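Remarks on the overall topology
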Amino acid sequence: MMWGDSRPARSDGAAGTLPATSGELSVLLTAVRRGRVLTVTGRFREPRALLVRDIARRISSNFCDGASVVSLRGDGGVRDLVSALGCLPGMPFLPCGTANAASWLAERDMLLVLDDSDRLSPEALVWLRRLLAVAPGLRILAAGRHPLAVGQGRVHRL
């Protein structure tokens, strides 16, 4: 069963090409499968978002619970993050309490994609660190101008 929305973002531009070669894409897919956290960084949002959504689409079948893509909005706090997760198609409504959401996510084998991860508040980053500690099947793929500060992770610069 697939949880969340793992469809790639379509570029409205004429080219619509990915900002990575097939060799780079292969390395990134392997990095997501083997690592816990991968951040795609770069100056412009559209190429980052296009790449992480394409990776999620290609690799979602590697996870029992699929891939969930969250486009961050608002202040990037923990409640906003949990609320965004609960609004994804196919994702059950997550309780507002962050401890309950973390408990539910801890049981998942899934890829969590955070688009525009620079919006995350310091409290949300602490929550994600704790979540990674209790959720062995969770992988995070983030897209932002800067690496996701949740511990050791790999960074791919566009």
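The notes below deal with the structure included here. This structure is a prediction, so every number in the text was calculated from the model and none was measured. (Residues numbered from 1 in each chain as written. Predicted model: local features only at pLDDT ≥ 70, side-chain atom pairs only at ≥ 80, totals over all residues. Heavy atoms only, no water.)

1. Points about the sheet that holds strand β5 (residues 154–157)
Across the sheet, which stays open at both edges, the 5 strands sit in the order β2-β3-β4-β1-β5 with parallel pairing between neighbours. Each having just a single partner strand, β2 (67–71) and β5 make up the two edges of the open sheet. In this sheet, neighbouring strand axes are inclined to one another by 15° on average, regardless of whether the strands run parallel or antiparallel. Examined bridge by bridge, strand β3 (residues 110–115) and strand β4 (residues 138–144) share 6 bridges and lie parallel to one another. The residue of β4 that forms the bridge with Leu114 is Ala142. Against the sheet, helix α2 (residues 45–59) makes contact with β1 (37–41), β2, β3, β4 and β5, and its axis sits at roughly 170° relative to β3, the strand it touches most. (Pairing = 2+ DSSP bridges. Helix = DSSP H or I, 4+ residues; strand = E, 2+ residues; numbered from the N terminus. Axes fitted to C-alpha atoms, helices over the stretch in contact; angles between N-to-C directions. Contact = heavy atoms within 4.5 Å.)

2. Details of the nonpolar core
The biggest cluster of nonpolar side chains holds 27 residues, and the ones touching the most others in it are Leu114, Leu120, Trp127, Leu128, Ile140 and Leu148. Those elements giving two or more residues to this core turn out to be α3 (78–86), α4 (98–106), β3, α5 (122–134) and β4. In terms of residue count, α5 provides more of this core than any other element does, 6 residues in total. Leu114 has contacts with Val70, Leu72, Leu81, Leu120, Leu128, Ile140, Leu141, Ala142, Ala143 and Leu148, leaving out every residue within four places of it along the chain. Ranked by size, the runner-up nonpolar core spans 20 residues in total, among them Val32, Ile59, Phe63 and Ala143. (Core = buried A, V, L, I, M, F, W, Y, C linked by side-chain atoms within 4.5 Å. Buried < 20%, exposed > 50% of the residue type's maximum accessible area, 1.4 Å probe, protein only.)

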